[in-house]
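For reference, the chains in residue letters:
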Amino acid sequence: MTVAVAADFGTRIRRREPLSRHTSWHVGGPAEVFFNPRDRADLAAFLRGLPADVPVYWIGLGSNLLVRDGGIPGVVISTHGTLDDLERLGETRVRAGAGVACARIARQCIKWGLGPAEFFAGIPGTLGGALAMNAGAFGGETWRHVLEVETIDRRGVERVRAAKEYRVGYREVVAPAPGEWFLGATLAFEQRPGAHADEVQKLLARRKETQPIGEWSCGSVFTNPPGDHAARLIEATGLKGYRIGDASVSQKHANFIINHGAARAADLEALIEHVRAAVERRHGVSLHPEVRIVGVP
Ligand SMILES: Cc1cc2nc3c(=O)[nH]c(=O)nc-3n(C[C@H](O)[C@H](O)[C@H](O)COP(=O)(O)OP(=O)(O)OC[C@H]3O[C@@H](n4cnc5c(N)ncnc54)[C@H](O)[C@@H]3O)c2cc1C
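Residues numbered from 1 in each chain as written. Predicted model: local features only at pLDDT ≥ 70, side-chain atom pairs only at ≥ 80, totals over all residues. Heavy atoms only, no water.

Right, let's talk about the side chain of E17 for a bit. Structurally, the position occupied by E17 is in strand β1 (residues 13-18). The class of E17 is buried, set by a relative accessible area of 4%. (Helix = DSSP H or I, 4+ residues; strand = E, 2+ residues; numbered from the N terminus. Buried < 20%, exposed > 50% of the residue type's maximum accessible area, 1.4 Å probe, protein only.)

Take a look at the structure:
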């Protein structure tokens, strides 16, 4: 299938864009069409003009994505560097676009004397990805702060939805209607004058001691099962360092899988499946991937 797209989107459209350039694991085949909109109006116009049978996928900073080697058919919409407005609405409310990096929300909230937002500094993705995942770190969680979200659907129709319309759990968000994506959110914090950038640095330094930060990973591969930790189970199965191709289970944190440079998505997926099956055999616990595995092999 060749995706027909109006010519007037210029260089914001790229064909056969390698998604390995857009994921933190640095793997993934091409997006048939990759679109980086200028703004909301540009995005809505693009979606309105897209034939109804073309599949659409969204990507933020690709920090929770395993894109298979065959890539993603149809259109991939990237919010990297766009939809990135961040403003204070009142005493304690903040509005952020889906493309705003979570770390920027943490930094800006500290400047505004609002919190607790430090946890956002531990999430190397966009707000859109954090909303889709209910990302959390250091005891904080995205949806605890959401008042409402703005969405757009496949036909370019925009909506505002209250947080209570979503069913939210641990790394799980169920939308009231399928086929809507996040354009941004209004977030609520408390006044925390005196909150300091040093506190974020301390949290990040503590994390660096236990996690392989700086290596090519996707953060935690599996969610923690109730009452236990995926990392503990994987380590107790003797899998630290286990390798397939150029991918291995991290020696530092067993719930991280590292691409040492030349791994393919197939290696990472095979390793994920090996770990899942081995833990199930040894402990009778079925681990579920936190990372989203998408695309064609
Ligand atoms: C080193 C490292 C550490 C990490 N630590 C943590 C952590 O402590 N806690 C944690 O929760 N996560 C962590 N992660 C995982 C990841 O950063 C989060 O899941 C993050 O929220 C993903 O955001 P993203 O923009 O990269 O999303 P992507 O990986 O690009 O996408 C993830 C999912 O969100 C969807 N999505 C993206 N944007 C939108 C949108 N606008 N509307 C609708 N859906 C959208 C995508 O379609 C996909 O299904 C870590 C990752 C790394 C690499």
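That was the structure; now back to the text.
Once that is clear, we can look at the site of the ligand. Taken together, the neighbourhood of the ligand is formed by 33 residues, with W58, G60, S63, T126 and G136 sitting nearest. Within the side chain of Y57, a nitrogen or oxygen atom sits 2.8 Å from an oxygen atom of the ligand. Contacts to the ligand include F182, whose backbone N or O atom sits 2.9 Å from a nitrogen atom. Coverage of the ligand by the protein chains reaches 93% of its 980 Å² of free accessible surface. If you list the elements that add at least two residues to the shell around the ligand, you get β3 (56-59), α3 (127-133), β9 (136-137) and β15 (180-188). With 5 residues, α3 is the largest single contributor of residues to the shell around the ligand. Class assignment of the residues belonging to the shell around the ligand gives a composition of 16 nonpolar, 13 polar and 4 charged. (Near = heavy atom within 4 Å. Polar contact = N/O pair within 3.5 Å; in protein donor to acceptor, adjacent residues only side chain to side chain. Areas by Shrake-Rupley, 256 points an atom, 1.4 Å probe, with all protein chains shown as cover. Nonpolar A, V, L, I, M, F, W, Y, C, P; charged D, E, K, R; others polar.)

The next subject is the pattern of salt bridges. Taken as a whole, this structure holds 22 salt bridges when the rule is applied. Between R14 and E17 there is a salt bridge; the shortest N-O distance is 3.0 Å. Here R95 makes a salt bridge to D85, at a shortest N to O gap of 2.5 Å. Residue R95 is located in strand β7 (residues 93-97), and its partner D85 is located in the loop between β5 (72-78) and β6 (86-88); the two are separated by 10 residues in the primary sequence. Residue R95 is classed as buried on the basis of its relative accessible area of 9%. A single salt-bridge network, built from bridges that share partners, covers D153, R155, R159, R161, E165 and E180. (Salt bridge = Lys/Arg side-chain N within 4 Å of Asp/Glu carboxyl O.)

On to helix α6 (residues 265-283), then. Across its 19 residues, α6 extends 27 Å between first and last C-alpha, which sits within 8% of the 27 Å expected from 1.5 Å per residue. Taken as a whole, α6 has its buried residues at A265, D267, L268, L271, I272, V275, A278 and V279. Within α6, the buried residues cover an arc of 165° as seen down the axis, which keeps them to one side. Where the residues of α6 are buried, they touch β4 (65-67), α5 (230-236), β17 (243-244), β18 (247-249), β19 (257-259) and β20 (292-294). Once α6 finishes, G284 follows within two positions and takes phi at roughly 70°, a positive value. (Expected span 1.5 Å × (residues − 1). Arc of directions from axis to C-beta. Contact = heavy atoms within 4.5 Å.)

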